[in-house]
Amino acid sequence: MNRPSLAAIAHVPHGGNLNEAIRRYGIAREHWCDLSTGINPHGYPIPAIDADAWLRLPEDDDDLEAVAAHYYGARRTVAVAGTQAAIRMLPQWLEPGAVAIHALTYGEYAPAFEQAGFPVERFVDASLPDESGPRLQDGESLPDHWRYLVVVNPNNPTAHRFELATLRRWQRELSARGGALIVDEAFGDATPDESLAPYAHEPGAIVLRSVGKFFGLAGARVGFVIAPPGMLDLAARLRGPWTIAGPARAVVRSALLDTPWHAATRTLLAQESERLEQLLASNGLCASRTPLFAWARTAEAQALQERLAKTGVWVRRFDRIPCLRFGLPASESGWKTLSDGLRAALG
């Protein structure tokens, strides 16, 4: 059996690495304003959990997947241990072929496909007007040699969105080639009308959803695959039994059913992301945003991250194309820390 060497398995940096900042800058945890993840800081309030959820093995045949299907507007879902688990399984679901992935997006897709021997090609979109490479625009056809296209919608970190009509066209185009459009909607809960999930039972689509960002339940490690029936059957077999802990199943089920909380949270996030964009603009940073984060491209990304860190503000830096991603502060004191930090770093 051939196994990839440790050197061949790429390390992908992520946000949420606050321990690294604590060690590097010597600032105690309680004094940090951590904006590095894009996770909703006003996460779903955890309900009381029945003791049986801890005492019994998880029931894979409970109604969690049906509840998720209703929430996402899909016909069926398969629950997995976070989107990351699905990303690692994707190459096992698909026949070999060229995979197109954004030049600046969530970093785990390219290594997963490359380690499985799939050729990977990078594309750019309207958020990167000065970058070279194949360019994807709404309404345009795809290069003939692409069999698979990975789209994070809205994109992390650039906040670029592709229109649903365009995604549907690409779904049909790739299906005709025996391929598929893979859409990661980890940040899509705040804008549900843009989701491809209601159409993912048709050939040529795989949609991945997560409860980590909008619901603020990243620690639960729960995600959902939405795809045609045969692929969902395969995903269910490959994930194995008991992959999601009983307490996590209970909390996520409650969160997916809480429609008043969904509506209130969408309103709150829209207001706070607009506030974030305006704060960045007032300090000279032109930003694009989703309801959960803002993205600012700057050649000074490394120096600016360093200067912000010295004030106790931790943000995510991307190096492939220098830029910073800012999540939402959790409180008014966090907003003040960010405002003061920006003035100090950019003053």
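This text goes with the structure placed above it.
### Looking at the pairing of strand β4 (residues 120-123)
In regular strands, side chains alternate between the two faces of the sheet. One ladder, built from four bridges, connects strand β3 (residues 98-102) with β4; its direction is parallel. Paired with Ile101 across the strands is Arg122, a residue of β4.

### Structural notes on helix α10 (residues 301-309)
Buried within α10 we find Ala301, Leu304, Gln305, Leu308 and Ala309. What you see down the axis of α10 is that its buried residues fit within an arc of 135°, all on one side.

### As for the packing of helix α3 (residues 64-72) against helix α8 (residues 246-257)
Two elements in contact, α3 and α8, have axes separated by 9 Å at closest approach and are oriented at 30°. By the angle between their directions, the pair α3 and α8 is classed as roughly parallel. As α3 packs across α8, the resulting crossing turns out to be left-handed. Contacts between α3 and α8 involve Leu64, Val67, Ala68, Tyr71 and Tyr72 from the first element and Arg249, Val252, Arg253, Leu256 and Leu257 from the second. When grouped by side-chain class, the residues that make up the contact of α3 with α8 number eight nonpolar, no polar and two charged.

### Observations concerning the nonpolar core
Inside soluble globular proteins, nonpolar side chains tend to come together where they are buried. If you look at the biggest cluster of nonpolar residues, it comprises 68 residues, and the most contacted ones within it are Tyr72, Leu149, Leu181, Phe215, Phe224, Leu256 and Phe326. In this structure, Leu256 is in contact with Leu64, Val67, Ala68, Tyr71, Tyr72, Phe215, Phe224 and His262, ignoring residues within four places of it in sequence. If you look at the next biggest cluster of nonpolar residues, it comprises 27 residues, including Val80, Ile101, Val150 and Ala235.

### Describing helix α9 (residues 259-282)
Given a rise of 1.5 Å per residue, 24 residues ought to cover 34 Å, and the 35 Å separating the end C-alpha atoms of α9 matches this to within 8%. Restricting attention to buried positions, one finds in α9 the residues Trp261, His262, Thr265, Leu269, Glu272, Ser273, Leu276, Leu279 and Leu280. Considering only its buried residues, α9 is in contact with α3, α8, β9 (287-289), β10 (293-297), β13 (323-327) and α11 (332-346). Backbone geometry just after α9 places Gly284 at a positive phi near 90°.

### Here's the deal with the pattern of salt bridges
Pairing between side chains of opposite charge can happen when their charged atoms approach one another. Under the counting rule described, the total for this entry stands at 20 salt bridges. Here Arg249 ties to Asp62 by a salt bridge, and the two come within 2.8 Å at their closest N and O atoms. Here Asp62 lies in the loop between α2 (52-55) and α3 and Arg249 lies in helix α8, a separation of 187 residues in the sequence. The salt bridge involving Asp340 is made with Arg343; its shortest N-O contact spans 2.5 Å. Taken together, the residues Asp340 and Arg343, both in helix α11 and three residues apart, mark about one turn of the helix. The exposure class of Arg343 is partly exposed, given its relative accessible area of 48%. Overlapping salt bridges, with partners in common, bring together Asp60, Asp62 and Arg249 in one network.

### Notes on the packing of aromatic side chains
According to the stated counting rule, one finds 16 aromatic pairs in the structure shown. An angle of 70° between the planes, with centres 4.9 Å apart, marks the rings of Tyr71 and Tyr72 as edge-to-face. We classify Tyr71 as buried; its relative accessible area is 16%. A relative accessible area of 5% places Tyr72 in the buried class. Centroid distance Phe118 to Tyr148: 6.2 Å. Interplanar angle 55°. Geometry classified as tilted. Placement of Phe118 in the loop between α5 (109-115) and β4 and of Tyr148 in strand β5 (residues 146-152) is noted, with a sequence separation of 30 residues between them. Summarising the burial analysis for this pair, Phe118 and Tyr148 share the class buried.

The rules behind these values
- Residues numbered from 1 in each chain as written.
- Predicted model: local features only at pLDDT ≥ 70, side-chain atom pairs only at ≥ 80, totals over all residues.
- Heavy atoms only, no water.
- Pairing = 2+ DSSP bridges.
- Helix = DSSP H or I, 4+ residues; strand = E, 2+ residues; numbered from the N terminus.
- Buried < 20%, exposed > 50% of the residue type's maximum accessible area, 1.4 Å probe, protein only.
- Arc of directions from axis to C-beta.
- Axes fitted to C-alpha atoms, helices over the stretch in contact; angles between N-to-C directions.
- Parallel < 35°, antiparallel > 145°, perpendicular 65-115°, else oblique.
- Left-handed = near helix turned anticlockwise from the far one by under 90°.
- Contact = heavy atoms within 4.5 Å.
- Nonpolar A, V, L, I, M, F, W, Y, C, P; charged D, E, K, R; others polar.
- Core = buried A, V, L, I, M, F, W, Y, C linked by side-chain atoms within 4.5 Å.
- Expected span 1.5 Å × (residues − 1).
- Salt bridge = Lys/Arg side-chain N within 4 Å of Asp/Glu carboxyl O.
- Phe/Tyr/Trp six-rings, centres within 6.5 Å; stacked < 30°, edge-to-face > 60°.

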